[in-house]
Amino acid sequence: MIWLDGRLSEGIAANDRGLAYGDGLFETIRVSDGQPRLFERHLQRLAEGCRRLQIPCDMAGLRYEVQVFASTLGEGVCKLILTRGSGLRGYAPPQPCQPRRLLIGSAVPLYSADRARTGICLFPCITRLAEQPLLAGLKHLNRLEQVLARAEWQDSVHAEGLMRDTSGRIVEAVFSNIFLVRSGRLFTPELARCGVAGVMRAEIIERAREAKIPVDIRDISFSELLQADEVFLCNSQYGVWPVKAMQEHTWPVGPLTFELQGLLSDLMGIT
């Protein structure tokens, strides 16, 4: 199911700036019982992206359109793409621009339940994330770093790949955010230079603090990752995956990771 600017469609204009330059933003929204999950967080991140990229957007109209789309989809994933619209050749943004909205519906991804129970193996990617504070945190359309990183492994052993910045700091996984546990505290990387500020990451931070679990958001070195008591990944589609191994290094699937899975059970449809 594909809607373009609120109508059924099969494609997008060849001169769209999202296609030509990655000039736009996207959100991947889980839909359950016709309702978009974590919708407010998705809209907040999108609004921040529009502010920074200076793309005008009727957020109230977009909210309604996504809600109608989600109701029609029922169960699945809604990918919302917002581009600056069509333009002439060249980097200069058109003035004024006519933003374009693309909604793509797909089935719920099928992930093995064992990944949440017994943990996943993490692949240490060679591809590094470039530092660009102007884009840090946003889910913009330029995803070539993730494409290159994901191409580094083709086996079924590894479910995700670790990504660092050019200075070697831990940033995230290819399509997930990362948390460490040390002495009962949660740690997650600061994303002021690069990386995507995931909506599930934000939800975990808020719910952990409500449960009186201390959370630190700061730079994390590779050696700190190896010294962690527990490591887990999060994403709005699958929730929380414990990390049990990366190459020869292993971590236990620990109690705090399981506790956080429990705190998120309402979002993931677990009873």
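Calculation notes
Residues numbered from 1 in each chain as written. Predicted model: local features only at pLDDT ≥ 70, side-chain atom pairs only at ≥ 80, totals over all residues. Heavy atoms only, no water. Salt bridge = Lys/Arg side-chain N within 4 Å of Asp/Glu carboxyl O. Phe/Tyr/Trp six-rings, centres within 6.5 Å; stacked < 30°, edge-to-face > 60°. Helix = DSSP H or I, 4+ residues; strand = E, 2+ residues; numbered from the N terminus. Buried < 20%, exposed > 50% of the residue type's maximum accessible area, 1.4 Å probe, protein only. Lys NZ or Arg CZ within 6 Å of the ring centre and 35° of its normal. Expected span 1.5 Å × (residues − 1). Arc of directions from axis to C-beta. Contact = heavy atoms within 4.5 Å. Polar contact = N/O pair within 3.5 Å; in protein donor to acceptor, adjacent residues only side chain to side chain.

Digging into the pattern of salt bridges
No. 1: The tally for this structure, following the rule as stated, stands at 20 salt bridges.
No. 2: Among the charged side chains, a salt-bridge network with shared partners connects Arg41, Glu203, Glu206, Arg207 and Asp266.

Some details on the packing of aromatic side chains
No. 1: Counting across every chain of the model gives 9 aromatic pairs.
No. 2: Consider the rings of tyrosine 111 and tryptophan 241, whose centres lie 5.1 Å apart with planes at 90 degrees: the pair is edge-to-face. With tyrosine 111 in the loop between β6 (100-106) and α4 (113-118) and tryptophan 241 in strand β14 (residues 239-246), this pair connects stretches of sequence that are 130 residues apart.
No. 3: On the accessibility criterion, tyrosine 111 (32% relative accessible area) is partly exposed.
No. 4: Feature note: the residues Tyr111, Phe175, Tyr238 and Trp241 constitute an aromatic cluster, connected by ring pairs.
No. 5: Its guanidinium or amino end placed over the ring of phenylalanine 26, lysine 79 lies 4.8 Å from that ring's centre, counting from NZ or CZ.
No. 6: Looking at arginine 150, its charged tip hangs above the ring of tryptophan 153, at a distance of 4.1 Å from the centre.

Considerations on helix α3 (residues 59-73)
No. 1: With 15 residues, α3 ought to run about 21 Å at 1.5 Å a step, and its terminal C-alpha atoms sit 21 Å apart, in line with that.
No. 2: For α3, the complete set of buried residues consists of Leu62, Glu65, Val66, Phe69 and Ala70. Buried residues of α3, seen end-on, are gathered within an arc of 135 degrees and therefore sit on one face of the element. Seen from the buried face of α3, the exposed residues on the opposite side, beyond 90 degrees, are Ala60, Tyr64 and Ser71.
No. 3: In this structure, the buried side of α3 is in contact with β1 (2-4), β3 (24-32), β4 (35-36), α2 (39-53), β5 (76-83) and β6.
No. 4: Measuring from the side-chain oxygen of the N-cap residue of α3 to the backbone nitrogen of alanine 60 gives 3.3 Å; that N-cap residue is aspartate 58.
No. 5: Positive phi shows up at glycine 74, right after α3, with a value of about 85 degrees.

A closer look at the environment of threonine 250
No. 1: Mapped onto the secondary structure, threonine 250 falls in strand β15 (residues 249-250).
No. 2: Through-space distance from the C-alpha of threonine 250 to that of valine 231 is 9.7 Å; in sequence the pair is 19 residues apart.
No. 3: Aside from chain neighbours lying at most four places away, what touches threonine 250 is Lys244 and Ala245.

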